[in-house]
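Geometric and topological summary
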Amino acid sequence: MEEGAIWFMSRVGLLLGMALLISALDKTTSSSSICSRSLSPLSGFESDFVMVQHQLRGVFHIINSCSFSIYGFDMIAGSPNVFWWGAPGADLANLTLGFPVADRPLDRHFRNETLNIHLLDSVSWDQFRVLAVWDRSTFSDFGHVILPSTDNLFSSAPAPSPADDRATKDNSGLRKRFHHNQPTMFDNCISLSPNFRLRWTLNHVEDEEGGGTIDIGLEATVSSQYYMAFGWANHSMSLGSFDRLMLNADVAVTGFTEEGTPFADDYFITKYSECLLNKEGSFQGVCPDAIYESTDPIGSVNNTRLIYGHHRDGVSLIRYQRPLVSSDTKFDIPVDPLDNATVIWALGLIRPPDSLRPYYLPQNHGGKELVNFGYLALNVSKVVDDCTGPLEAKDKEDQDLIVADVKSPLIVTSGPSMNYPNLPSPSKVLYINKKEAPLLRVERGVPVKFSVQAGHDVALYITSDQVGGNSSSARNTSEIVYAGGPTIQGVPASPKELVWSPDRNTPDQVYYQSFYGKKMGWKIEVVDGGLSDMYNNSVVLDDQQ
């Protein structure tokens with residue numbers, strides 16, 4: 001009897017356990033099926049991410065009321081405090097009001113990955129208008145998508161899902177892909193060298209000349225003083241040396257002006273040299289098309305049209321558009337989208353215009369083949385993407401560098417935010433010696449003198465907090481203030497002086513910020529000076545050291 005009772009009780013326990021397990025599974029399945037069947041008005045919405053920093057790229061797609069996907073996702077890792085973030089708007093004030101919307105971690109590099117992400121149980125799409133990748137510790141927006149209002153959703157059909165074939169065909173038989181809506185996104189990408197990439201989108205739409213256009217993106221881990229050049233070799237030139245292929249080549253030379261404005265111009269190469277005026281009064285070398293045709297209206301033979309450009313995280317990106325078949329038959333080479341054509345490329349320093357030569361002069365690229373220059377056969381109609389992950393520069397600092405001089409005060413003013421390094425930024429930021437939010441380098445033991453003329457609403461202080469502006473909040477209770485404060489405010493007519501002497505206890509990196517406003521300043525790099533600078537007193541040891 002005892003054995004029978006034991007057997008009976010064990011069977012009852014087993015059945016009860018199975019019943020509980022089935023019930024739990026039913027609840028999970030039911031919850032999942034409800035979520036999958038519950039389509040939001042936003043279901044099917046698709047958009048590119050706006051790249052703000054950390055080389056973030058990707059296509060965002062809303063699956064249903066509680067999940068979304070991202071494909072082609074690239075991002076350079078940030079701090080451990082990076083979140084999927086919902087906010088009412090994409091500006092600094094609105095993003096700081098946001099909240100986490102998913103618990104999927106974003107604390108690593110992402111390289112052309114596909115992600116499927118569920119919203120938190122307490123979050124729904126109608127609670128926010130912007131989905132961002134947000135670093136809570138630095139108030140940094142890496143990239144974001146602006147969701148449409150439901151009123152605008154019914155004027156067009158939903159976008160296809162990531163599971164669908166992303167490529168379709170137009171009337172010419174060429175493959176076309178999802179129409180990207182951000183200038184940082186392209187259909188195709190190949191690596192020309194470890195630090196230089198070619199991106200392109202073929203716009204095979206009939207235009208007035210019957211040819212169509214192609215958008216080209218040149219992307220490299222170079223400083224803004226470098227040019228990026230790319231173009232088509234003359235059809236009569238067979239593959240050979242790079243120098244030979246350059247002759248009579250049609251290239252675009254792209255880069256940034258001294259003010260940081262992107263440019264893309266049409267050049268034609270008649271000689272392997274810098275553009276110079278010869279004894280006969282003709283130009284030779286790597287010259288703008290317009291120089292050869294000085295009698296034509298300005299820009300009439302410049303068939304390269306700038307679309308977009310930025311220099312972020314130490315990476316330059318220029319997007320421009322050119323016709324496949326140009327009206328300029330003298331200096332432009334027609335591009336057959338179905339042909340394997342020879343193209344050439346190069347990187348190098350560029351000389352800015354002057355009074356004698358009012359155009360940018362690419363200097364000799366130098367360096368190694370397939371690193372600083374090269375050539376290849378390219379068929380632009382083929383769909384290709386061999387760019388795995390974002391380009392990452394060794395030096396990501398894009399700002400101007402100012403080295404403090406004990407003899408000259410640093411003039412601190414305020415002005416409009418044009419190229420602030422840690423977006424989003426307020427409309428007004430700090431300038432030092434007329435440079436917007438520069439990297440400031442100081443030496444331990446050497447006094448730094450600031451002349452503060454930024455206005456009475458901007459008080460300068462030196463802090464351990466990258467965001468600053470902690471006058472009225474306890475956001476960062478561990479903040480250390482090294483100098484300055486609410487009284488260090490002035491105007492040009494009546495500047496306020498602040499003298500700060502970093503010492504051996506000052507960390508290698510601190511920040512100059514406004515006491516009242518967040519994210520107005522930037523980094524201070526603190527370096528070691530001589531021992532006599534770093535220490536106030538010294539004694540001679542027994543060994544005379």
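Preceding block: the structure.
This section reports on the structure supplied with the text.

So, how was this worked out
- Residues numbered from 1 in each chain as written.
- Predicted model: local features only at pLDDT ≥ 70, side-chain atom pairs only at ≥ 80, totals over all residues.
- Heavy atoms only, no water.
- Phe/Tyr/Trp six-rings, centres within 6.5 Å; stacked < 30°, edge-to-face > 60°.
- Helix = DSSP H or I, 4+ residues; strand = E, 2+ residues; numbered from the N terminus.
- Buried < 20%, exposed > 50% of the residue type's maximum accessible area, 1.4 Å probe, protein only.
- Pairing = 2+ DSSP bridges.

Before going further, it helps to spend a moment on the packing of aromatic side chains. All told, the structure shown has 25 aromatic pairs when counted by the stated rule. With a centroid separation of 6.4 Å and an interplanar angle of 45 degrees, the aromatic rings of Phe 49 and Trp 84 are classed as tilted. In this pair, Phe 49 sits in the loop between strand S1 (46–48) and strand S2 (50–51) while Trp 84 sits in strand S5 (residues 82–87), placing the two residues 35 residues apart along the sequence. The exposure classification of Phe 49 matches that of Trp 84, with both residues buried. Relative to Phe 128, the ring of Trp 125 has its centre 5.7 Å away and its plane inclined at 55 degrees; by these criteria the two rings are tilted. Each member of the pair Trp 125 and Phe 128 is classed as buried. An aromatic cluster of at least three residues, connected via ring pairs, comprises Phe 45, Phe 49, Phe 60, Phe 68, Phe 73, Trp 84, Phe 99, Phe 110, Trp 125 and Phe 128.

Among the six residues in strand S12 (residues 188–193), five count as buried, and that is most of the element. Two strands pair when backbone bridges link them, and S12 and strand S13 (residues 196–203) are joined in this way by five bridges, in the antiparallel orientation. Its bridge partner lying in S13, Ser 193 is registered against Phe 196. Between S12 and S13, which follow one another and run antiparallel, lie two residues.

Turning our attention to the sheet that holds strand S8 (residues 130–135). In spatial order, the strands read S2-S9-S8-S5-S6; together these five strands make up an open sheet with antiparallel pairing. Of all strands in the sheet, those bounded by a partner on one side alone are S2 and strand S6 (99–102).

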